[in-house]
Amino acid sequence: MAEITASMVKELREKTDAPMMECKKALSEAAGDMAKAEEILRVKLGNKASKAAARVTAEGIVGVYISGDAKLGAIVEVNCETDFVAKNDDFLGLAKSLAELVATKNPADVDALSALDLGGQSVEEVRKALVGKIGENMSIRRFSRIDAKGAVASYIHGGSKIGVLIDLVGGDEALAKDIAMHIAASKPKSLDASGVPAELLDVERRIAIEKAREAGKPEAMLEKIAEGTVQKFLKDVTLLDQVFVKAEDGKQTIAQLLKAKGASVASFTLYIVGEGIEKKVTDFAAEVAAQAAAAAQK
């Protein structure tokens, strides 16, 4: 059986807000598999066990660029080690320049972007020079580009920690901003059900079946219960099915809002800085204790 360390328990607790003993039990049951342990906690404790899963786990910023005619846009995430550097003017300038390069040069991937010219040097040379100047590592994580069917609009929130790029067909600038703000607040995973990864649906289905089984529901009903849960999940995570955050009646969905305005969303991109990146947390007390023990052995 895998050893369950205090740091593993702490990491799972920070991800899920679940009680410490429940985290330890889940990790033991999952043989140390963090993702499996989180799934076990969701079965036992419900959705509250995943509410911290999207917390920022690395520093950095999101940079955006939109052409003057709003027909071309790009969004890029650039990471660094500390929030202090994320506010550095040179770092901010690099993110802005990278977004413009993505939009105008259309690189295939991060390596291709790193090879592009930026002020007489390659992007990679500029990055390395900035690392040397600031004294902190930084990296280009991801980017997305929109060649608009309609018009590109953006929304940046939380000191450039959340960025949204949207291609709105029809409507107006105010509508585009409202929907981009909604995306930043509600964090949809896709435009509609067709864009939700099958593995996410499989996880929701398994969790629903296990919860229903633990509640004593008949085996013959489990699949039906799971399907109902999956459909509810899809309404929660698909943009068109979400209730508009500014809906006066608290019921109007994004799809209904768009229909009323004679508009549609061709695509959108949502970046949350550090999403999905594991950030190393140093346990200084444990480190000091280990160093003391090592010194004593000498």
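Right above here is the structure, for reference.
Since this is a predicted model, take the numbers as computed values, not measurements.

Visitor: Where do I start with the overall build of the protein chain in this structure?
Guide: Regarding its fold elements, the protein chain presents twelve helices and eight strands. Per-residue burial for the protein chain yields a buried fraction of 40% across its 298 residues. Per element, the accessible surface of the protein chain, about 16400 Å² overall, is 53% carbon and sulfur.

Visitor: Mind showing me how you'd approach the nonpolar core here?
Guide: For soluble globular proteins, the rule of thumb is that nonpolar side chains tend to be buried together. One finds Val76, Phe91, Leu98 and Leu113 to be the most contacted residues of the largest nonpolar core, which totals 24 residues. Among the elements that make up this core, the one with the highest residue count is helix 5 (residues 89-105) (eight residues). If near-sequence neighbours (up to four positions away) are discounted, Leu98 is found in contact with Val76, Val78, Leu113, Val123 and Ile140.

Visitor: Just checking my understanding: could you explain the packing of helix 1 (residues 6-16) against helix 2 (residues 20-29) for this structure?
Guide: Any two packed helices are characterised by how steeply their axes cross, that is the angle between the axes, and by the distance between the axes. For the pair helix 1 and helix 2, interaxial distance at closest approach is 9 Å and the crossing angle is 115°. Between helix 1 and helix 2, the angle is such that the two are roughly perpendicular. You can see that helix 1 and helix 2 cross each other, and the crossing is right-handed. Contacts from Met8, Val9, Leu12, Arg13 and Thr16 in helix 1 reach Met20, Cys23, Lys24, Ala26 and Leu27 in helix 2. Taken together, the residues of the contact of helix 1 with helix 2 break down into seven nonpolar, one polar and two charged.

Visitor: Is there a simple way to explain the side chain of Ser190 in this structure?
Guide: Within the secondary structure, Ser190 is located in the loop between helix 8 (173-186) and helix 9 (198-214). Ser190 sits in the buried class, given a relative accessible area of 6%. Only 2.6 Å separates the side chain of Ser190 from the backbone oxygen of Asp192, close enough to count as a polar contact. With residues up to four places along the chain from it excluded, the contact list for Ser190 reads Gly195, Val196, Val237, Thr238, Leu239 and Phe268.

Visitor: Before we go on, may I ask you to explain helix 5 in this structure?
Guide: Helical geometry note: an α-helix holds 3.6 residues per turn, so side chains three or four residues apart project in the same direction. Taking 1.5 Å as the rise per residue, helix 5 with 17 residues should run 24 Å; its terminal C-alpha atoms sit 24 Å apart, in good agreement. Looking at the residues trailing helix 5, positive phi occurs at Asn106, about 50°.

Visitor: Please explain the pairing of strand 7 (residues 162-169) as it appears in this structure.
Guide: Regular strands place side chains that alternate from one sheet face to the opposite one. Here strand 7 lies mainly inside the structure; seven of its eight residues are buried. The sheet contact formed by strand 6 (residues 151-157) and strand 7 spans seven bridges and is antiparallel. In the sheet register, Ala153 faces strand 7, and the bridge partner there is Ile166. Linking strand 6 back to strand 7 in an antiparallel pair, the connection comprises four residues, with Gly158 at a positive phi of about 65°. Bridge count between strand 7 and strand 8 (residues 264-272): eight bridges; the pairing is antiparallel. Following the sheet pairing, Val169 is matched in strand 8 by Ser264.

Conventions and cut-offs
Residues numbered from 1 in each chain as written. Predicted model: local features only at pLDDT ≥ 70, side-chain atom pairs only at ≥ 80, totals over all residues. Heavy atoms only, no water. Helix = DSSP H or I, 4+ residues; strand = E, 2+ residues; numbered from the N terminus. Buried < 20%, exposed > 50% of the residue type's maximum accessible area, 1.4 Å probe, protein only. Areas by Shrake-Rupley, 256 points an atom, 1.4 Å probe, with all protein chains shown as cover. Core = buried A, V, L, I, M, F, W, Y, C linked by side-chain atoms within 4.5 Å. Contact = heavy atoms within 4.5 Å. Axes fitted to C-alpha atoms, helices over the stretch in contact; angles between N-to-C directions. Parallel < 35°, antiparallel > 145°, perpendicular 65-115°, else oblique. Left-handed = near helix turned anticlockwise from the far one by under 90°. Nonpolar A, V, L, I, M, F, W, Y, C, P; charged D, E, K, R; others polar. Polar contact = N/O pair within 3.5 Å; in protein donor to acceptor, adjacent residues only side chain to side chain. Expected span 1.5 Å × (residues − 1). Pairing = 2+ DSSP bridges.

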